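Descriptive analysis of the structure
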Amino acid sequence: MSGEEILVCAVQLGENFCLYFAGLECDAFCKEKILHRVLRNVNSQLLVVRPDLNMAAFEDVTDQEMKSGNGMHFNIHYYKTTTPSAGMPVAFSVQVEDKSYYMCCEKECGKTMVRFREGEVPKEIPGESNVIFFKKTFTSFSSKAFKFEYSLEQGMFLAFEEEGCLRKLILKKLSREDEVDETMKISF
């Protein structure tokens, strides 16, 4: 709780003695703007979504593949927030062929997994949501690189994990808040 004082004025006394106020913002996430970007890891590989394989991975992409942009050009949906100290709330969506997919996190066998589900990102999110990530600068020295913390699990960030020749998109626990983990570094 911050020490900041907020002046509020009661407007109306309703049924059952409910008090109504004017000028307050609700705690919902409301979509503010959308940026169109490719997401790169520390190795300059692009994040590519493959819904048919139920995964996303960072890959080396040719100029020709990038022009087609299938599963690579992300919409980053920025939301207004009443708690800016947590970071800027964002959600991700991507077009693959003629379908739209949004990024979310789901529990599977006790582990939180990053998934892409067919559909649109909501314009308003009334409370907690498995599609919201908090965008934070990667380090105080790199203003063009970011890390994205999952809104429902503090300390869990988007990252990549090497699995064979793939660098799969995962959620990874940051052991200390001041730790710098290059697998979490994402740039636009």
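The structure we're discussing is the one just above.
Residues numbered from 1 in each chain as written. Predicted model: local features only at pLDDT ≥ 70, side-chain atom pairs only at ≥ 80, totals over all residues. Heavy atoms only, no water.

So, the pattern of salt bridges
The condition is simple: Salt bridges, as used here, are contacts in which a Lys or Arg side-chain nitrogen is within 4 Å of a carboxyl oxygen on Asp or Glu. A simple rule labels every residue: compare its accessible area, found with a 1.4 Å probe on the protein chains alone, to the largest value its type can have, and call it buried under 20%, exposed over 50%, or partly exposed in between.
By the definition in use, this model includes eight salt bridges. For Glu59, the salt bridge goes to Arg50, with nearest N and O atoms at 2.7 Å. Since its relative accessible area comes to 18%, Glu59 is described here as buried. Note on Arg50: relative accessible area 30%, which makes it partly exposed.

Quick notes on the layout of surface pockets
The criterion, for reference: A 1.4 Å probe that fits but cannot get out identifies a cavity on a 1 Å grid over protein atoms alone, an open set with protein on both sides within 12 Å along at least five of seven lines counts as a pocket, and a residue lines either if it has an atom within 4 Å of a point. Grid points are joined across faces, edges and corners, and a volume is the space filled by probe spheres set on the points. Amino acids are sorted into nonpolar (Ala, Val, Leu, Ile, Met, Phe, Trp, Tyr, Cys and Pro), charged (Asp, Glu, Lys and Arg) and polar (every other residue, Gly among them).
One number sums up the size of the second largest pocket: a volume of about 190 Å³. As for the second largest pocket, its lining consists of Ala86, Lys136, Lys147, Glu149, Gln154, Gly155, Phe157, Lys173, Leu174 and Glu177. Class assignment of the residues belonging to the lining of the second largest pocket gives a composition of three nonpolar, two polar and five charged.

Some remarks on empty space enclosed by the protein
One simple way to see leftover space: roll a probe sized like a water molecule over the atoms. In plain terms, the rule: Helix and strand definitions follow DSSP, with helices as H or I runs of at least four residues and strands as E runs of at least two, each counted in order from the N terminus.
Inspection of the entire model under this criterion finds one cavity of 30 Å³ or more. A volume near 30 Å³ is recorded for the largest cavity. In this structure, the largest cavity is lined by Val49, Arg50, Pro51, Asn54, Met55, Val114, Arg115 and Phe116. Sorting elements by how many residues they give to the lining of the largest cavity places strand 9 (residues 111-118) first, with three residues. A breakdown of the residues in the lining of the largest cavity according to their chemical character gives five nonpolar, one polar and two charged.

A few points about the nonpolar core
Quick note on the threshold: What is meant by a nonpolar core is a set of buried Ala, Val, Leu, Ile, Met, Phe, Trp, Tyr and Cys residues, joined one to another through side-chain atoms within 4.5 Å. Contacts: residue pairs with any heavy atoms within 4.5 Å of one another.
With 27 residues, the main nonpolar core has Phe92, Phe116, Phe133, Leu158 and Leu169 as its most contacted residues. The element that contributes the greatest number of residues to this core is strand 7 (residues 88-96), accounting for four residues. Phe133 has contacts with Met88, Pro89, Val90, Phe92, Met103, Cys105, Phe148, Glu149, Tyr150, Ser151, Leu158 and Leu171, leaving out every residue within four places of it along the chain. The next biggest cluster of nonpolar side chains, apart from the first, holds nine residues, and it includes Ala91, Cys104, Val121 and Phe134.

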